[in-house]
Amino acid sequence: MRLQPADTLVILGDVGANYYLNKRDIYVKEQLNACGPTVLCIHGNHERRPTAGLGYERARRFGGEVMVQPEFPNQLFALDGEVYELDGQSCIAIGGAYSIDKEYRLLRGAAWWPDEQPSAAIKRKVESVLASRGWQADIVLSHTTPLSLEPREAFLPFIDQRTVDTSTEEWLDDIERRLDYKRWYYGH
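Residues numbered from 1 in each chain as written. Predicted model: local features only at pLDDT ≥ 70, side-chain atom pairs only at ≥ 80, totals over all residues. Heavy atoms only, no water.

*Asks:* In this structure, what is going on with the layout of surface pockets? I would like to understand it.
*Replies:* If you roll a probe as big as a water molecule over the atoms, it shows you where there is empty space left. The calculated volume of the second largest pocket comes to roughly 180 Å³. Sorting the residues of the lining of the second largest pocket by element identifies β7 (89-94), β8 (139-142) and β9 (183-186) as the ones contributing at least two each. Of the residues assigned to the lining of the second largest pocket, the class counts are six nonpolar, one polar and two charged. (1 Å grid on protein atoms, 1.4 Å probe; cavity = no way out; pocket = protein on both sides within 12 Å on 5 of 7 lines; lining within 4 Å. Points joined across faces, edges and corners; volume = space filled by probe spheres on them. Helix = DSSP H or I, 4+ residues; strand = E, 2+ residues; numbered from the N terminus. Nonpolar A, V, L, I, M, F, W, Y, C, P; charged D, E, K, R; others polar.)

Right, dumping it as structure tokens:
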């Protein structure tokens, strides 16, 4: 694609940059850095939320707040409920999702974080921001999808869907019904 530093690449979660919290993540960040463009990451359920404890700092980019590590200034993590101006479009970020592989990961000593889904505070912030905008945004950038838009044909057949926590998708369903938007992009 020959991306340039002036370009912005949006990754809709599960970036791989905050999963192991060791040198493996540094390798991913170095590879992202080598791509050239600014990378705007939406929080997924297979990564830790960026925090000051992980070396992230708040900064303003694209008209909203992001989290960034000084050593990787072109890799930005969107904050849930922030609205960014990208290519003349207002884009609201809504990260997180439920991990259907939670038990598998825990049994094998792999990483899992209890704050993988949006908290009540995050949900209030998103709704407050949207209300202040008259429930209008050009684009929604989320990790998971509203429940009514789930691609059920892609579900893994060995997962009992009755065990899946769909509270985030149900909440996004409510957002989708109320929101006047042009496009919704999700990565889960």
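*Asks:* I keep staring at the pairing of strand β6 (residues 83-86) and nothing clicks. Help me out?
*Replies:* Consecutive side chains of a regular strand alternate in pointing toward one face of the sheet and then the other. By the bridge criterion, four bridges tie β6 to β7 in an arrangement that is antiparallel. Bridge assignment links glutamate 85 to a residue of β7, and that residue is serine 90. Here β6 hands over to β7 after two residues, with aspartate 87 in that stretch at a positive phi of 55°. (Pairing = 2+ DSSP bridges.)

*Asks:* Is there a simple way to explain the pairing of strand β3 (residues 57-61) in this structure?
*Replies:* Sheet topology places β3 next to strand β4 (residues 64-68); five bridges connect them, and they run antiparallel. Its bridge partner being in β4, alanine 59 is matched across the sheet by valine 66. Between β3 and β4, which follow one another and run antiparallel, lie two residues, and phenylalanine 62 among them has a positive phi close to 55°.

*Asks:* Any chance you could explain the nonpolar core here in plain terms?
*Replies:* Nonpolar side chains in soluble globular proteins tend to end up buried together. Core analysis: the biggest nonpolar cluster contains 23 residues, and Leu40, Tyr84 and Leu141 have the highest contact counts within it. If we skip the residues at most four places from it in the chain, leucine 141 touches Val10, Leu12, Ile42, Leu86, Cys91, Ile92, Ala93, Ile94 and Tyr185. The next biggest cluster of nonpolar side chains, apart from the first, holds 15 residues, and it includes Ile122, Ala137, Val140 and Leu179. (Core = buried A, V, L, I, M, F, W, Y, C linked by side-chain atoms within 4.5 Å. Buried < 20%, exposed > 50% of the residue type's maximum accessible area, 1.4 Å probe, protein only. Contact = heavy atoms within 4.5 Å.)

*Asks:* Is there a simple way to explain the sheet that holds β9 in this structure?
*Replies:* Backbone-to-backbone hydrogen bonds pair the strands of a sheet. The strands run either parallel or antiparallel. Judged by pairing direction, the sheet is mixed, and its four strands sit side by side in the order β6-β7-β8-β9 without closing on themselves. Each having just a single partner strand, β6 and β9 make up the two edges of the open sheet. Across this sheet, the average inter-strand angle for adjacent strands is 25°, counted without regard to direction. Where β7 meets β8, four bridges bridge the pair, whose relative direction is parallel. The partner of alanine 93 across the bridge, within β8, is leucine 141. (Axes fitted to C-alpha atoms, helices over the stretch in contact; angles between N-to-C directions.)

Fair warning: the whole summary comes from geometry, so function is off the table for now.
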